[in-house]
Amino acid sequence: MKYESRADRIFDVINYLLLIIVLVLTAYPLIYIVSASVSDPTAVNSGRMWLWPVSFTLEGYQRLFKNGEIWLGYANTIFYTVFGTLLNLAVTLPCAYAMSRKDFVGRKTLNFMVVFTMFFGGGLIPTYIVVKNLGLLDTRIILLVLGATSSYNLIVTRTFFSSSIPDELRESAFVDGCTNWILFTRIVLPLSKAIIAVMALFFGVTHWNAYFNALVYISTREKYPLQVFLREILIFSEMLPAMLASEDSLVIEELTRQARIAEMVKYGAIIVSSLPVIIAYPLLQRYFVKGVMLGAIKG
Amino acid sequence: MGKKLLSLVIVCMLAMTSLALAEEITPIVDEPLTITAMGLKGTLFVENYEDTIVGKWLTENLGITVKSEWYSSDIWQEKKGLAFASGNLPDLFFNAGLSSIEQAKYGAQGALLSLNDLIEEYGVNTKAMFEEAPYIKASITTADGNIYALPYVETLVRDLGGGRYWIHTGWLEKVGMEEPTTLDEYYDVLVAFKNTDCNGNGVADEIPLSGSDGVSVDCMVLRALGFNVLSLSDFFNVRDGKVFFIPGDEGYREYLEYMHKLYAEQLLDNEVFVQNYQQFVAKGEQSLLGSYEGSASYYIAPNDGYDYTYMGPMTSDRNDTPIFTINGGLSIGRTAICATTKHPVEIFKLLDFFYSEQGSLLNDWGPEGYAWEYNEDGTWSNLVGEGCETVQEWRQGYVTPCCFNQYGPYEFKLKQNNANAAWLNQLTIDNYEPYFTYRFPDLMLTEEELDTVSGALTDVGKYVEEARARFIIGEDDIAATWDAYVKNFEAMNIETVLNVYQTAYDRYAAAM
Amino acid sequence: MILRNWQLYLFVLPAVVYYIVFHYVPIYGVQIAFRQYYPMRGILGSPWVGMKHFMRFFNSYYFTTVIGNTLRISLTALIVGFPIPVLLALMLNEVQHLRFKKLVQTVTYAPHFISMVVMVGMLILFLTPSSGIINHMLAAVGMERKAFMQDARNFHWIYVFSSIWQESGWSSVIFVAALASIDSSQVEAAIIDGANKLQRMVYINLPVLIPTIVIMLIMRSGSILSVGFEKVYLMQNATNLSRSEIISTYVYKAGLIDGDFSFAAAVGLFNSLINFAILVLVNLFARRVGETSLW
């Protein structure tokens, strides 16, 4: 039975209070976005709409869904995210584990090699040429392979393994005749659900939000992920003033009208594209459960 | 004898008819040819060029299929660079907007094909265009004498560039004043706008002058002071054959002082530097705007759309010749052929075709019967396709995205049966055409010249922009800081830049 | 040892191959910074110009301004912004009510997904003097309306606070996960010893987070000059340029717009060198002081 002291209760009150403030502050712009997605753009841009929808209209969503390319993008993104993340986990987890083992010869070199790439790289052009020479331009595969792992995630995962998988575990396993492979798959992984969940989330989100690599390496529109199509819409209204400078008056009318549509659509586009990931988080949360290590060492 | 004459006439007529028909549609190639074209995606709704009506027309009638690869503006720079770097060049660029610097650079490096010989040999329409408007050729020829890219040329007066400056006629009536013709008169009008309930809603919410991203009617003011500027990035002008730097000139100081006065007295919307275009338009839609620069009043302020008229070019105590700067309707760098293509001649013939009246029409509006059709009186009206809301959506998304170079087509555009277009045209003819002044040219520099000036120009450009904002808002006092401001340009090597531009200008003047 | 752990070498193989192919092979491209790059001639065929691009950057009128602005934003973000996700994770960890906890987590994590274009667009709308919500609130309590985005001195604060808003929830995820793997027997023992919540938070939870915190700090120090391009570029306007022009935006305007990849590469290399040097120093310090370090 837990004993709650007075200090504890004060702590709880302050904690809850602070968190509620955080909740409200963070939620406001989110509500704003939802409301803006169903409001008239003039009301939004003039500041009249500030919390609840003004001049309710579903036109933004209608146009968004009328756009066939959005659905194509969605399907592509799901493909890239699922398979990309699986690949990422398969490459990153074992490597990070090996890097966390103090008895792994070559550990320091590998560490340095990984960190070095976070700073120095040939840049876009040579990488593009390498990809071209591999024949991987304009393929779906390249989007899965690029970013097969990331230095940042490797290091974070390695840190996790270092600090939560004790050496005694490995020693007792070896005494029992385990190989590294069995140690990793049967013992370490099940204990690491939290970090697997986090990495699945990090990699998954990276894939979900990715657009730059697609823009650079892909030239067939059918292979584009969702974010590329969304960006076209978003960038369009930003670029409008520049485009207006050099067109005839009738084209100007159309561009202005399209920008207005882009304005209407952009908030809805954000919601449509981020909803799945936002929903994914609570589902993954249960893997961050306490007491994962319980019982592993005892006995 | 009679019979012979008759048969001769018939034969002649047949020949002429078939000639006419032949002139209409001659395939450029013997076998169907597919070429790739890379460009900017200029409109939101279109998918692939080869599927548009004009794309299909090209395939059927000229035998050439143009496959498009297009990208939105935020990745366009990288894409161009990558295409050149990796050797993965398309056959041609279209809707490319290649700047004069890019044309000079990539041309000199051998990435773009020099078109001079092709124009000489096959460019029937191109040469005709050059004859009609010599400034075109001078503007697209690089310093080494080559033409690497072809422009899109507007010929209708309303589309020759220079901006459109609007003032509310209803409000002028309300305050009982005439359209201003000098800067001082304009100031008085703005004051009157501010102090009267012009939009009749009982609230003092009138904004006499507004704009977005820090720009309102600046060029109009600069021109009133005697500068021939197309936009705020025009830093150079020429005076008695000598090139000088505008932002360091005494006249520019007057411009700053004028704008600062407007800002300080709240005649110029104090949010002009922090609001974007959409916010500006939102104010127009609420009938708050007295004057502004914008594409079309019926678009920016739809509720008062036709109650605006053009503000004519103005004069000031510094300058008594009204100037309206135009760029001659020239949009350079629209199409260019890549040096690696295997079909330079065919592609050039295609580009030359677009300079003919028929080709220009095709690029602009597509074949008859889709986006337009002739009326009985010789004018033509728009048509809207199924599933599209406006004619423009239909036209640019499905019929023709206007990606190629074109010239005019002048006669055709005049006959359009569209009230807005006609209204704009008339306004331009009445207010601006008499004062048309061709801009200070976008000079083509050699590679060494570019090398010398690009570093300095970047810094100069930034400084001009920043300082201008600070002066207009009043953060820096013009009187106190002007000398230091001018001195800074010397520190940035403006003298070297001026020398380079003088040389380039002399070259241009000689080529005209 | 190597033989015994032969399987571990297989574990690292895919990652190593990836790095070699996509990071180390292209590294020859670094020399673009020292050449005048002509795309048609290729990297190796372009003439060598040595330090020319670097000198252009160093001699620029804006060199010190741009570096100063970058550092100002970066350090403010680090000092003010870094602790927040940690605090958030610690606070969430103490919440017993599961539904509330999930709600707060999901809501705070959601802003990360708002694309930068929309985010900055909203920011500008909120801060507009005449019609933005922030100014409405100021006016409601009788204060003067301010043109926030026009005062260059506000720039880095606006940048940092909006980043905190957008990223704290997401950044706290890693800490939440770390806290979730705390051995609960340790916690029970502390309770029996009479430690209250606050004490447990400070003496048990916080220490568990230390390795992760240290690693993240070290890595952050290695990106001190790399303030992201997109957000700053979108937030810039003529009036705040004196504080909002950072290295990446300057390079973009000076280089990429004209296709001058060499210049961009040179500045990028300069950035990387400084970042790396700082990282090495900080890592050294961390090694001396504690157990955790990057290598």
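What you see is a predicted model, and the numbers here were worked out from it, not measured in a lab.

Draft legend 1. Here's a closer look at the packing of helix α5 (residues 83-93) of chain C against helix α11 (residues 197-221) of chain C. Residue and element names in this part refer to chain C. One way to put it is that α5 packs onto α11 with a least axis distance of 11 Å and a crossing angle of 140°. Between α5 and α11, the crossing angle belongs to the class labelled oblique. The handedness of the crossing between α5 and α11 is right-handed. For the pair formed by α5 and α11, the contact residues are Val86, Leu90 and Asn93 on the first element and Met201, Asn205, Leu206, Leu209 and Ile213 on the second. Here the contact of α5 with α11 is built from residues that sort into six nonpolar, two polar and no charged.

Draft legend 2. View of the packing of aromatic side chains. Inspection of every chain in the model, using the stated rule, returns 88 aromatic pairs over all chains. A ring pair is formed by Phe65(A) and Trp71(A), whose centres lie 5.3 Å apart and whose planes are at 20°; its orientation type is stacked. Trp71(A) sits in the partly exposed class, given a relative accessible area of 44%. Between Phe34(C) and Phe54(C) the ring centres are 5.3 Å apart and the planes differ by 35°, which places this aromatic pair in the tilted class.

Draft legend 3. Broad picture of the pattern of salt bridges. The final tally for this structure, using the stated rule, is 25 salt bridges over all chains. In this structure, the salt-bridge partner of Arg221(A) is Glu232(A), at a minimum N-O distance of 3.0 Å. On the criterion of sequence distance, the pair formed by Arg221(A) in the loop between α12 (212-217) and α13 (226-244) and Glu232(A) in helix α13 is long-range, its members being eleven residues apart. For Arg221(A), a relative accessible area of 7% translates into the label buried. The closest approach of N and O atoms between Glu449(B) and Arg507(B), which form a salt bridge, is 3.1 Å. With Glu449(B) in helix α19 (residues 447-473) and Arg507(B) in helix α21 (residues 494-511), this residue pair connects regions lying 58 residues apart in the sequence.

Draft legend 4. Structural view of the interface of chain A and chain C. Of the residues lining the interface, 107 residues belong to chain A; the matching set on chain C comes to 94 residues. A buried area of about 8700 Å², summed over both sides, lies between chain A and chain C, and 75% of it is on carbon and sulfur atoms. At the junction of chain A with chain C, the criterion picks out two salt bridges. The partner of Lys197(C) in a salt bridge is Asp12(A), and the shortest N-O contact between them spans 2.8 Å.

Draft legend 5. Representation of the interface of chain C and chain B within the structure. Between chain C and chain B, the residue contacts involve 32 residues of the former and 35 residues of the latter. In this assembly, chain C packs against chain B so that about 3000 Å² is buried in total across both faces, 55% of it on carbon and sulfur atoms. Here chain C is connected to chain B by two salt bridges. When the shortest N-O distance is used, the salt bridge between Lys52(C) and Asp451(B) registers 3.1 Å. Linking chain C with chain B are ten residue pairs in polar contact (both at pLDDT 80 or more). Mapped onto the side of chain C that touches chain B, the elements with two or more residues apiece are α3 (52-59), α7 (116-127), α13 (241-244) and α14 (247-254) of chain C. When residues in the side of chain C that touches chain B are grouped by element, the largest group, three residues, is from α14(C). Of the residues contributing to the side of chain C that touches chain B, the split by class is 17 nonpolar, nine polar and six charged.

Draft legend 6. The domain arrangement of chain A, seen in detail. Residue and element names in this part refer to chain A. Splitting chain A by domain gives domain 1 (1-57) and domain 2 (58-297). With 13 residues of domain 1 in contact, the opposing surface of domain 2 contributes nine residues. Together domain 1 and domain 2 conceal approximately 930 Å² of surface at their shared face, both sides included; 64% is due to carbon and sulfur atoms. For domain 1, the biggest contributors to the area lost against domain 2 are Ser37, Pro41 and Thr57; these three give 49% of the whole. Viewed at the interface, domain 2 and domain 1 are joined by zero salt bridges. Applying the counting rule to domain 1 against domain 2 returns two residue pairs in polar contact (both at pLDDT 80 or more). Breaking the side of domain 1 that touches domain 2 down by element, the ones donating at least two residues are α1 (6-37) and α2 (41-45). It is α1 that provides the largest number of residues to the side of domain 1 that touches domain 2, a total of five residues. Of the residues that constitute the side of domain 1 that touches domain 2, the class distribution is eight nonpolar, four polar and one charged.

Draft legend 7. Representation of the nonpolar core within the structure. With 301 residues, the main nonpolar core has Tyr32(A), Phe161(A) and Tyr186(B) as its most contacted residues. A per-element tally of this core places helix α9 (residues 155-180) of chain C first, with 14 residues. In terms of domain composition, this core takes at least three residues from each of domain 1 (1-57) and domain 2 (58-297) of chain A. Residues in contact with Phe161(A), not counting those within four places in the same chain, are Leu93(A), Ala96(A), Tyr97(A), Ser100(A), Phe184(A), Val188(A), Ser192(A) and Ile195(A). Counting 41 residues, the second largest nonpolar core, distinct from the first, contains Ile119(B), Val153(B), Phe348(B) and Phe404(B).

Calculation rules
Residues numbered from 1 in each chain as written. Chains lettered and ligands numbered in written order. Predicted model: local features only at pLDDT ≥ 70, side-chain atom pairs only at ≥ 80, totals over all residues. Heavy atoms only, no water. Axes fitted to C-alpha atoms, helices over the stretch in contact; angles between N-to-C directions. Helix = DSSP H or I, 4+ residues; strand = E, 2+ residues; numbered from the N terminus. Parallel < 35°, antiparallel > 145°, perpendicular 65-115°, else oblique. Left-handed = near helix turned anticlockwise from the far one by under 90°. Contact = heavy atoms within 4.5 Å. Nonpolar A, V, L, I, M, F, W, Y, C, P; charged D, E, K, R; others polar. Phe/Tyr/Trp six-rings, centres within 6.5 Å; stacked < 30°, edge-to-face > 60°. Buried < 20%, exposed > 50% of the residue type's maximum accessible area, 1.4 Å probe, protein only. Salt bridge = Lys/Arg side-chain N within 4 Å of Asp/Glu carboxyl O. Buried area = accessible area lost by both parts, 1.4 Å probe. Polar contact = N/O pair within 3.5 Å; in protein donor to acceptor, adjacent residues only side chain to side chain. Domains from an automatic or database assignment. Core = buried A, V, L, I, M, F, W, Y, C linked by side-chain atoms within 4.5 Å.

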